[in-house]
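# Structural overview
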Amino acid sequence: DQLTNYCLGVAGEAGEVADIIKKAIYHGHVLSPDKIVEELGDVLFYVAAIASTLHINLDEIAEKNVEKLLRRYPEGFSQKASRERAE
C-alpha cells in the first residue's frame, strides 16, 4: 500500500532529522546544514507523495495550517500562549 509506505517514510525521515539534531546537541557532532537539507528533502518528498495520493494540494495544506495557527495564537506564538492554550 503506497499510502502506508509514504506515511512510514515521513516518520523515518523525520526521525533522521531529529537524530542529526540530537547528535549535535548531546553527542558533540558538528551540525551539518547540508545533511539537514538532504533529510528534509526526503521528508518533503514523502509529504508530497501523501498529498498527491490523497489528491490534496500542498498549498491547501499550508494555508489551512496558517489558519489553524492564527486561531491558536492570534497575537503570535509565545511560550506563555502555548501553555495557556485551550485546544
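A brief structural summary. (Residues numbered from 1 in each chain as written. Predicted model: local features only at pLDDT ≥ 70, side-chain atom pairs only at ≥ 80, totals over all residues. Heavy atoms only, no water.)

### Structural notes on the overall build of the protein
Formally: Each helix is a run of DSSP H or I of at least 4 residues and each strand a run of E of at least 2, with the numbering of both proceeding from the N terminus. Based on C-alpha atoms, the radius of gyration is set beside the globule rule, defined as 2.2 Å times the residue count to the power 0.38. Here the open area of atoms and residues is found with the Shrake-Rupley method and a 1.4 Å probe, where only the protein chains shown may cover a residue. Counted as positive: Lys and Arg. Counted as negative: Asp and Glu. His and the chain ends are not counted at all. Lysine's charge is taken at NZ, arginine's at CZ, aspartate's at CG and glutamate's at CD.
A count of helices and strands for the protein gives four helices and zero strands. In the protein, the succession of helices and strands from N to C terminus is α-α-α-α. For the protein, whose C-alpha radius of gyration is 16 Å, the value lies well above the compact-globule estimate of 12 Å for 87 residues. Overall, the C-alpha framework of the protein stretches about 40 × 35 × 20 Å when taken along its three principal axes. Looking at the protein as shown, the accessible area adds up to about 6,700 Å², and 57% of this sits on carbon and sulfur atoms. The protein carries 10 positive and 15 negative side-chain charges, and their two centres are separated by 10 Å.

### A closer look at the packing of aromatic side chains
Going by this rule: Centres within 6.5 Å are what make two rings of Phe, Tyr or Trp a pair, Trp counting through its six-membered ring; a difference in plane orientation under 30 degrees is then read as stacked, over 60 as edge-to-face, and the rest as tilted. Three exposure classes are used, based on accessible area relative to the maximum for each residue type with a 1.4 Å probe and protein chains only: buried under 20%, partly exposed in between, and exposed over 50%.
Scanning the entire structure with this criterion turns up three aromatic pairs. For the pair Phe45 and Tyr46, a centre-to-centre distance of 5.1 Å together with 75° between the ring planes defines the contact as edge-to-face. Residue Tyr46 is classed as buried on the basis of its relative accessible area of 18%. Taking 5.2 Å as the distance between ring centres and 80° as the angle between the ring planes, the aromatic pair formed by Tyr73 and Phe77 counts as edge-to-face. Its relative accessible area of 11% is what places Tyr73 among the buried residues.

### Focus: the pattern of salt bridges
Our working rule: Basic side-chain nitrogens of Lys or Arg form a salt bridge, by our definition, when they fall within 4 Å of a carboxyl oxygen of Asp or Glu.
On inspection of all chains with the given rule, the structure shows five salt bridges. Here Lys35 makes a salt bridge to Glu39, at a shortest N to O gap of 3.1 Å. Separated by four residues within a single helix, Lys35 and Glu39 lie in helix 2 (residues 33-53), roughly one turn from each other. Among the residues examined, Glu39 registers a relative accessible area of 3% and is labelled buried. Residue Glu84 pairs with Lys80 through a salt bridge whose shortest N-O separation is 3.8 Å. Taken as a pair, Glu84 and Lys80 lie in helix 4 (residues 79-84) at a separation of four residues, close to a single helical turn.

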